[in-house]
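Observations on the three-dimensional arrangement
Read off the chains here:
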Amino acid sequence: MDLFAHAWTALREAVAALSDQDFDRPSGCTGWLVRDLVCHLVIDAQDVLITLVTPAETEPTRDAVTYWTVSGTPPTGDDPLDALTVRLAAAYQDPGLLTFHLDDVGSAAGRAARLADPDLRVSTCGEVLTAGDYLSAYVLEWTLHHLDLVMHLPDAAGPPPEGLARSRDLVERISGAPFPASFSDEDVLLVATGRRAPTDAERSELGELAAALPLVLG
């Protein structure tokens, strides 16, 4: 629960530090500018709020690892929901309004997470998880999108090391295999999810695992 708050706070602080010009730069998400990614974060924060107030009575069907669906097909940016996000982001016009909305809804999501009972069963997308597992899964969401945010902003602060380490652990459990110890946590996340291609040396180290990549998480 604390790691969720730490990763989410760091991501929101990175957004708050952006200049207006930064919002027009590309992000690490295919087809999205930084402003589109920030708009997606607003939607993510709304999803967190909705899920934490949607209790379930049945046994959990997913945990922090199985929460994720895995595809081998990288996004193209043409998905209807992706396109809707771009239109919503453009409607803000002033980046300050987008930042304000993220801070407003994001702060509420952070408070809701701190108040949540980790054993509470919640429902999302037809599945049931404990609140603790749901928020743990979102550490990976925040960390990956923090990397997306700063991919073309070399002076921006990246995700905290604790979030990177936890996210690596989740990715390795999702993939069913550890990545080479020579890979940094950031490199594992970028290569595993297809955010960058492995170098020839990295591919050699990955061995059979290379054939299973990328892990496109949804």
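Data block above holds the structure.
Owing to the predicted nature of the structure, the values given are computational and were not obtained by experimental measurement.

Turning our attention to the overall build of the protein chain. Along the backbone of the protein chain there are eight helices and four strands. Along its sequence from the N terminus, the protein chain presents helices and strands in the succession α-α-β-α-α-β-β-α-α-α-α-β. For the protein chain, the C-alpha atoms occupy an extent of roughly 45 × 45 × 30 Å along the three principal directions. Relative to its full complement of 218 residues, the protein chain shows a buried share of 46%. A fraction of 71% describes how many contacts in the protein chain between residues 6 or more apart in sequence connect residues 24 or more apart. Put simply, the protein chain shows about 10,600 Å² of open surface, and 54% of that area lies on carbon and sulfur atoms.

On to the side chain of serine 167. Among the secondary structure elements, serine 167 is positioned in helix 6 (residues 161–175). When neighbours within four sequence positions are excluded, serine 167 is seen to be in contact with Val139, Leu140, Thr143 and Leu189.

Together, Leu81, Leu84 and Leu88 give the surface a local cluster of nonpolar side chains, amounting to about 260 Å² of exposed area. Mapped onto the fold, leucine 81 is located in helix 3 (residues 80–92).

This paragraph deals with the pairing of strand 2 (residues 121–124). Burial along strand 2 is one-sided: the face carrying Val122 and Thr124 is buried and the face carrying Arg121 and Ser123 is not. Of the pairings in the sheet, the one linking strand 2 to strand 3 (residues 127–130) comprises four bridges and is antiparallel in character. Each residue of the ladder has a partner; that of serine 123, found in strand 3, is valine 128. With antiparallel pairing between neighbouring strands as the criterion, strand 2 and strand 3 make up a hairpin whose turn holds two residues, including cysteine 125 at a positive phi of roughly 55 degrees.

The rules we used
- Residues numbered from 1 in each chain as written.
- Predicted model: local features only at pLDDT ≥ 70, side-chain atom pairs only at ≥ 80, totals over all residues.
- Heavy atoms only, no water.
- Helix = DSSP H or I, 4+ residues; strand = E, 2+ residues; numbered from the N terminus.
- Buried < 20%, exposed > 50% of the residue type's maximum accessible area, 1.4 Å probe, protein only.
- Contact = heavy atoms within 4.5 Å.
- Areas by Shrake-Rupley, 256 points an atom, 1.4 Å probe, with all protein chains shown as cover.
- Patch = residues over 30% accessible without salt bridge, like charges linked within 9 Å, V, L, I, M, F, W, Y side chains within 5 Å.
- Salt bridge = Lys/Arg side-chain N within 4 Å of Asp/Glu carboxyl O.
- Pairing = 2+ DSSP bridges.

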